Amino acid sequence: MNTSELNRFIVVLIYGSLVLLSLLKLSNPLKVNRKANFWFGIFLFLWSSFWLDEVLTLVKDAPVQIHSILSIQVIQFLTPIMFYFSVLFFTNPSFKFKISDLKYLILPVVFLINLLLPRFGIGENSSVSEFIFIGLILFQALFYTGLSYVTIRKHQKKIQQFSANTEGINLNWLEYIIVIIFIINIIYVVYNLSYDSTALNFFINGAFLIVIYSVGYYSLKQKEIYPVEEKQRDELMSIDTDPDTEEVKRKLIPDEELQKIKTQLEDIMSRQKPYLESELNLIRLSELLSVSTHHLSYVINTGFGKNFFQYVNEYRIEHAKHLLKDANSKLSILGIAYESGFNSKTSFNTTFKKLTNHTPSEYKNGSDL
């Protein structure tokens, strides 16, 4: 099998995988992140259209340029917006479209007008029209992938206010995919402008196939990020993560009340050791203290100068340090991670290194002394 035949095989795999994955996301058999998976499924289906030319060419055994059809061009133009909508719902399942969100239609409408004008004999064969056409495509793609990246970064900061184990809900896989696709596209554009892009198609398609399989693996693994119960979800979503906002600056409770809750919290953490529960979150801890999630978050942020993630994991690391130094312990590093409340060795190693400047193995062997 030569490179050309292999490339055709990869194209079929890409298109088939995207269509199948889009159907899986739209049907959502696990019933998690419903709105996010709906929009992500639409994104995947629209994304598959970029390989439709090559697939139909293989089927008909003759060159097909379906991308020149108006409806296909509009569909492809909408792809980055669909991706952004899925990110919005992953990071905020309570998000609702408002009248102000009609702003998302501005670029598509301008793009559609630019496509229609030559069909009515206006601006036909105009280099300016072609420049606008290409510029809109590039701007749309860069703008919404950039906006998606920023939204995910904000989400990663927010979840540290209510979760002590963020590994399964931090959407790292989406962040990495954005970066990888951006790099692949930059390489393709540079190579296309400088050399013959035909030779690169095989490698670009191969890279996209790997990315698509990664998308399938991680997206199907993605569990529910926020509580399904609407009241609890809205409570967590309303917690402000920015210490400079007026809501956080003003006193949510009197200093006496803050000190009282702070003392109760330290007492519970010392006696009951709730931090050893791998699924401990702000809601669970607030129930133990019989205080609201907002008040508890305020106490941790203001009284200890930390977010929930930092506060709980410092206790976990201290517990792990005792186990690592216990000469009679027969637990492995992974066993100690689980015993200390972590749900994976990766998150344990990362957090341990960040707080102690040593890996668990180095600490166990006494390199910290």
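Up top is the structure these notes are about.
About the thresholds
Residues numbered from 1 in each chain as written. Predicted model: local features only at pLDDT ≥ 70, side-chain atom pairs only at ≥ 80, totals over all residues. Heavy atoms only, no water. 1 Å grid on protein atoms, 1.4 Å probe; cavity = no way out; pocket = protein on both sides within 12 Å on 5 of 7 lines; lining within 4 Å. Points joined across faces, edges and corners; volume = space filled by probe spheres on them. Helix = DSSP H or I, 4+ residues; strand = E, 2+ residues; numbered from the N terminus. Nonpolar A, V, L, I, M, F, W, Y, C, P; charged D, E, K, R; others polar. Axes fitted to C-alpha atoms, helices over the stretch in contact; angles between N-to-C directions. Parallel < 35°, antiparallel > 145°, perpendicular 65-115°, else oblique. Contact = heavy atoms within 4.5 Å. Left-handed = near helix turned anticlockwise from the far one by under 90°. Salt bridge = Lys/Arg side-chain N within 4 Å of Asp/Glu carboxyl O. Buried < 20%, exposed > 50% of the residue type's maximum accessible area, 1.4 Å probe, protein only. Patch = residues over 30% accessible without salt bridge, like charges linked within 9 Å, V, L, I, M, F, W, Y side chains within 5 Å. Areas by Shrake-Rupley, 256 points an atom, 1.4 Å probe, with all protein chains shown as cover. Core = buried A, V, L, I, M, F, W, Y, C linked by side-chain atoms within 4.5 Å. Expected span 1.5 Å × (residues − 1). Phe/Tyr/Trp six-rings, centres within 6.5 Å; stacked < 30°, edge-to-face > 60°. Polar contact = N/O pair within 3.5 Å; in protein donor to acceptor, adjacent residues only side chain to side chain.

A. Structural view of the layout of surface pockets. Approximately 1,000 Å³ is the volume found for the second largest pocket. T166, E167, G168, N170 and N172 are, among the 36 residues lining the second largest pocket, the residues nearest its centre. Looking at the lining of the second largest pocket, the elements that each hand over two or more residues are α6 (127–158), α7 (172–194), α8 (198–221), α14 (308–325) and α16 (345–356). Of the residues that constitute the lining of the second largest pocket, the class distribution is 12 nonpolar, 17 polar and 7 charged.

B. Highlighting the packing of helix α11 (residues 255–271) against helix α13 (residues 293–303). One way to put it is that α11 packs onto α13 with a least axis distance of 10 Å and a crossing angle of 90°. Classified by the interaxial angle, the pair formed by α11 and α13 is roughly perpendicular. Contacts from L258, I261, K262 and L265 in α11 reach L296, Y298, V299, I300, T302 and G303 in α13.

C. Region of the structure containing the packing of helix α1 (residues 3–27) against helix α3 (residues 52–60). Put simply, α1 and α3 touch, their axes get as near as 9 Å, and they point 120° apart. Taken together, the axis directions place α1 and α3 in an arrangement best described as oblique. Both α1 and α3 take part in a crossing whose hand is left-handed. Contacts between α1 and α3 involve N7, R8, V11, V12 and Y15 from the first element and L52, E54, V55 and L58 from the second. Class assignment of the residues belonging to the contact of α1 with α3 gives a composition of 6 nonpolar, 1 polar and 2 charged.

D. Summary view of the pattern of salt bridges. Counting across every chain of the model gives 7 salt bridges. A salt bridge links K321 to E318; the nearest nitrogen and oxygen atoms lie 3.2 Å apart. Residue K321 and its partner E318 are located together in helix α14, separated by 3 residues, close to a single helical turn. Since its relative accessible area comes to 41%, E318 is described here as partly exposed. The structure contains a network of salt bridges with shared partners spanning K98, D101 and K103.

E. Examining unusual backbone geometry more closely. Located in the positive-phi region is L171, a residue other than glycine, with phi close to 60°. Position of L171 among the secondary structure elements: in the loop between α6 and α7. On the basis of relative accessibility, which here comes to 0%, the residue L171 falls in the buried class.

F. Broad picture of a nonpolar patch on the surface. A cluster of nonpolar residues, I134, L138, L142, V179, F182, I183, I186 and I187, forms a patch on the protein surface that exposes about 700 Å² of accessible area. Of all the secondary-structure elements, those providing two or more residues to the nonpolar patch are α6 and α7. Considering each element in turn, the nonpolar patch owes the most residues, 5 residues, to α7. Mapped onto the secondary structure, L142 falls in helix α6.

G. Examining the environment of S297 more closely. Position of S297 among the secondary structure elements: in helix α13. When the C-alpha atoms of S297 and I239 are compared, they prove to be 7.8 Å apart, with 58 residues separating the residues in sequence. Excluding residues that lie within four positions of it along the chain, S297 makes contacts with Q161, I239 and L282.

H. Fine view of the nonpolar core. Counting residues in each nonpolar core, the largest one holds 77 residues, and the members touching the most others are F40, W47, L174 and L265. With 10 residues, helix α4 (residues 70–91) is the largest single contributor of residues to this core. W47 has contacts with L18, T79, I181, F208, V211 and I212, leaving out every residue within four places of it along the chain. Residues I317, I333, I336 and F342 belong to the second largest nonpolar core, which totals 11 residues.

I. Local environment of helix α2 (residues 34–48). Relative to the 21 Å expected for 15 residues at 1.5 Å per residue, α2 spans 21 Å between its end C-alpha atoms, a close match to the ideal helical length. Buried residues of α2: A36, N37, W39, F40, G41, F43, L44, L46, W47 and S48, and no others.

J. Here's a closer look at the packing of aromatic side chains. Inspection of every chain in the model, using the stated rule, returns 33 aromatic pairs. An angle of 80° between the planes, with centres 5.1 Å apart, marks the rings of W39 and F85 as edge-to-face. With W39 in helix α2 and F85 in helix α4, this pair connects stretches of sequence that are 46 residues apart. Taking the relative accessible area as the measure of exposure, F85 reaches 8% and is therefore buried. With 5.5 Å between their ring centres and 40° between their planes, F40 and F43 make a pair best called tilted.

K. Spatial organisation of the side chain of S48. Within the element layout of this structure, S48 appears in helix α2. By relative accessible area, which is 2% here, S48 ends up buried. Of the polar contacts made by the side chain of S48, one reaches the backbone oxygen of F45; its length is 2.5 Å. Aside from chain neighbours lying at most four places away, what touches S48 is Y15, L18 and V19.

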